[in-house]
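Here is how the chains run, residue by residue.
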Amino acid sequence: MSKKKGLSLEEKHSRMTEFFYEKKDFFQLKDLEKLCPKEKGITSMSVKEVVQSLVDDGIVDTDKIGTSIYFWAFPSKSSQNRKRKLDELDGKLKALAAKREQLLVALEKAKMGKEDSDERVEVIEELNKRKAEKAALNAEIEKYKDSNPSVLEKYKQEAEQAKEAANRWTDNIFSTKSWIKNKFSFEESVLDKQFGIPADFDYVE
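Residues numbered from 1 in each chain as written. Predicted model: local features only at pLDDT ≥ 70, side-chain atom pairs only at ≥ 80, totals over all residues. Heavy atoms only, no water.

The name that an unreviewed UniProt entry assigns to the protein is Meiotic nuclear division protein 1 homolog, with the source organism given as Biomphalaria pfeifferi. For the protein, the Subcellular location (unreviewed entry) comment in UniProt is given as "Nucleus". The UniProt entry for the protein carries this comment under Function (unreviewed entry): "Required for proper homologous chromosome pairing and efficient cross-over and intragenic recombination during meiosis." (UniProt positions renumbered as here; feature names shortened; annotations may be inferred.)

*Asks:* How should the nonpolar core be read in this particular structure?
*Replies:* Buried together is how nonpolar side chains tend to be arranged in soluble globular proteins. With 15 residues, the main nonpolar core has M16, F20 and L32 as its most contacted residues. Counting only elements with at least two residues in this core, the list comes to α1 (9-23), α2 (29-40) and α3 (44-56). Here the element with the most residues in this core is α3; it accounts for 5 residues. Setting aside chain neighbours within four positions, we find F20 in contact with F27, L32, V60, F71, W72 and A73. Residues V123, L127, I173 and F195 belong to the second largest nonpolar core, which totals 7 residues. (Core = buried A, V, L, I, M, F, W, Y, C linked by side-chain atoms within 4.5 Å. Buried < 20%, exposed > 50% of the residue type's maximum accessible area, 1.4 Å probe, protein only. Helix = DSSP H or I, 4+ residues; strand = E, 2+ residues; numbered from the N terminus. Contact = heavy atoms within 4.5 Å.)

*Asks:* Just to check I follow, could you spell out α3 for this structure?
*Replies:* Given a rise of 1.5 Å per residue, 13 residues ought to cover 18 Å, and the 19 Å separating the end C-alpha atoms of α3 matches this to within 8%. Within α3, burial applies to S46, V47, V50, V51, S53, L54 and V55. Where α3 is buried, its residues contact α1, α2, β2 (61-65) and β3 (68-72). G58 occupies a position one or two residues after α3 and carries a positive phi of about 80 degrees. (Expected span 1.5 Å × (residues − 1).)

Written out as structure tokens, the structure is:
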């Protein structure tokens, strides 16, 4: 026949707790080592370890009276412990809910002024247009750099005119950014990101 399996530590904890709740009395360790093996199947050698573990967990109370040490636990304390734990969890839940509300408010505030608008679309389109013109002009200049000097001079003049036009629009974009920053108190980096303006955007030299 197979050997009977012993109780797990969790089972010993449960049975020892039941013992105290059923008896509703005070016990010395020697009493527990005598009664628990008979009534709860907990070996006398493991009683001390189990009781100490329950004391450490706050389930069983202990105190020294004279020269003797007594142990006890009542169901009412278990209810109080559960209520205290529930109160703690409820407090944490309320704190998390308040934090969530703060984050939602901050998120809504951050969205203000970032909605799509005709002005925003216009600025982006104009910026992209000027960037394309600048790239095309640079390509033309590169193409004719070794050609007839008069032709090169013509393109240089056109490039200068285009540069002036691009810089005027650069002025417009900087002015628009300044107005938006003052009106809505946004960081410049946020505006650049929202309008697709590169970090190195500047006047054409």
